[in-house]
Amino acid sequence: VLAMSPLSEAYRNRIRQFPSLVNCCTIDWFSPWPELALASVARTNLADVESSIKPDEYPGVIKMCVLMHKSVEHVSKRYMDEMQRYNQVTPTSYLSLLSVLKTTLRSRYTYLDEQRNRLLIGLEKLA
């Protein structure tokens with residue numbers, strides 16, 4: 001069993017170097033992830049930034065991640081129908097989405113914390 005992401009540059013290079021990977025093999029594309037699995041992966045990956053999200057908003061963030069991935073899958077199908085071009089939506093792209101979301105949440109949380117501290121210091125100086 002050989003598993004590679006079709007989005008990586010290494011995949012393209014290997015296909016060019018070893019054409020028999022395409023000609024003599026059966027490619028088994030993974031079926032789309034169900035929404036429950038997407039939500040579970042999002043919950044697991046966002047667990048370390050959960051404290052920076054309000055508890056009543058956290059389920060909505062998880063739903064948003066699932067909705068974004070599903071909508072990209074839907075638009076990719078439309079893109080294929082209209083433009084006759086593929087846009088691969090893989091589990092790796094979903095994990096990348098979660099990684100970008102975590103990075104953004106961390107940076108915004110840090111920025112807002114710094115701004116809050118500056119405000120508090122300024123108010124202390126005024127008082």
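Going along each chain's sequence as written, the residues are numbered from 1 onward. Where totals are concerned, whole chains, interfaces and linings use all residues; where local detail is concerned, this predicted model gives features only for residues with pLDDT of at least 70, and gives and counts side-chain atom pairs only at 80 or more. Side-chain numbers come from the whole structure's heavy atoms, not from hydrogens or water.

What follows is about the pattern of salt bridges. A side chain with one charge can pair with a side chain of the opposite charge if their charged atoms come near. The salt bridge criterion pairs a side-chain nitrogen of Lys or Arg with a carboxyl oxygen of Asp or Glu, the two atoms within 4 Å. If you walk through the whole model with that rule in mind, you get six salt bridges. The shortest N-O distance in the salt bridge between arginine 12 and glutamate 9 comes to 2.9 Å. One end of the pair, arginine 12, and the other, glutamate 9, are both in helix H1 (residues 9–17), three residues apart, so they sit about a helical turn from each other. Owing to a relative accessible area of 37%, arginine 12 belongs among the partly exposed residues under this scheme. Measuring nitrogen to oxygen at the nearest pair gives 2.7 Å for the salt bridge that ties arginine 116 to aspartate 113. Note that arginine 116 and aspartate 113 are positioned in helix H5 (residues 91–126) at a spacing of three residues, about one turn of the helix. Note on conventions: DSSP H or I runs of at least 4 residues are helices, E runs of at least 2 residues are strands, and numbering of each starts at the N terminus. The buried label goes to any residue with under 20% of its type's maximum accessible area, the exposed label to any with over 50%, and the partly exposed label to all in between, with areas taken from a 1.4 Å probe on protein chains only.

To describe a pair of aromatic rings, you give the distance between the ring centres and the angle between the ring planes. Classification of ring pairs uses Phe, Tyr and Trp, with its six-membered ring standing for Trp, and accepts pairs whose centres are within 6.5 Å; under 30 degrees between planes counts as stacked, over 60 as edge-to-face, and the remaining range as tilted. Scanning all chains against the criterion turns up one aromatic pair. Ring centres of tryptophan 33 and tyrosine 94 lie 6.1 Å apart, and the angle between their planes is 80 degrees; on these two criteria the pair is classed as edge-to-face. Note that tryptophan 33 is positioned in the loop between helix H2 (20–23) and helix H3 (35–45) and tyrosine 94 in helix H5, a separation of 61 residues in sequence. By relative accessible area, tyrosine 94 is classed as buried at 0%.

So, on to the packing of H3 against H5. At their nearest, the axes of H3 and H5 sit 10 Å apart, and the two run at 35 degrees to each other. Note on packing geometry: the crossing formed by H3 with H5 is right-handed. Residues Leu38, Ala39, Val41, Ala42 and Asn45 of H3 pack against Tyr94, Leu95, Leu98 and Lys102 of H5. In this count, Pro and Cys sit with the nonpolar residues alongside Ala, Val, Leu, Ile, Met, Phe, Trp and Tyr, while Asp, Glu, Lys and Arg are called charged and the others, Gly among them, polar. Taken together, the residues of the contact of H3 with H5 sort by class into seven nonpolar, one polar and one charged. Lines fitted to C-alpha atoms define the axes, with helix axes restricted to the stretch in contact, and inter-axis angles between N-to-C directions lie between 0 and 180 degrees. By convention the crossing between two helices is left-handed if the near helix lies anticlockwise of the far one by an angle smaller than a right angle, and right-handed if it lies clockwise. The contact definition used throughout considers only heavy atoms, calling two residues in contact when any of these lie within 4.5 Å.

This part takes up helix H4 (residues 58–83). A turn of α-helix holds 3.6 residues, and therefore any two residues three or four places apart point the same way. The span expected for a helix works out to 1.5 Å for each residue beyond the first. In this model H4 runs 37 Å from its N-terminal to its C-terminal C-alpha over 26 residues, within 8% of the 38 Å that 1.5 Å per residue would give. Listing the buried residues of H4 in full gives Tyr58, Val61, Ile62, Cys65, Val66, His69, Glu73 and Ser76. Turning to H4, the residues buried within the fold contact H3 and H5. A positive phi of about 60 degrees marks glutamine 84, the residue just after H4.

Only buried Ala, Val, Leu, Ile, Met, Phe, Trp, Tyr and Cys residues count toward a nonpolar core, and they belong to the same one when joined by side-chain atoms within 4.5 Å. Ranked by size, the top nonpolar core spans 14 residues in total, and within it Ala42, Leu46, Ile62, Cys65, Tyr94 and Leu98 carry the most contacts. At the level of secondary structure, the elements contributing two or more residues to this core comprise H3, H4 and H5. When neighbours within four sequence positions are excluded, tyrosine 94 is seen to be in contact with Trp33, Leu38, Ala39, Val41, Ala42, Cys65, Val66 and His69.

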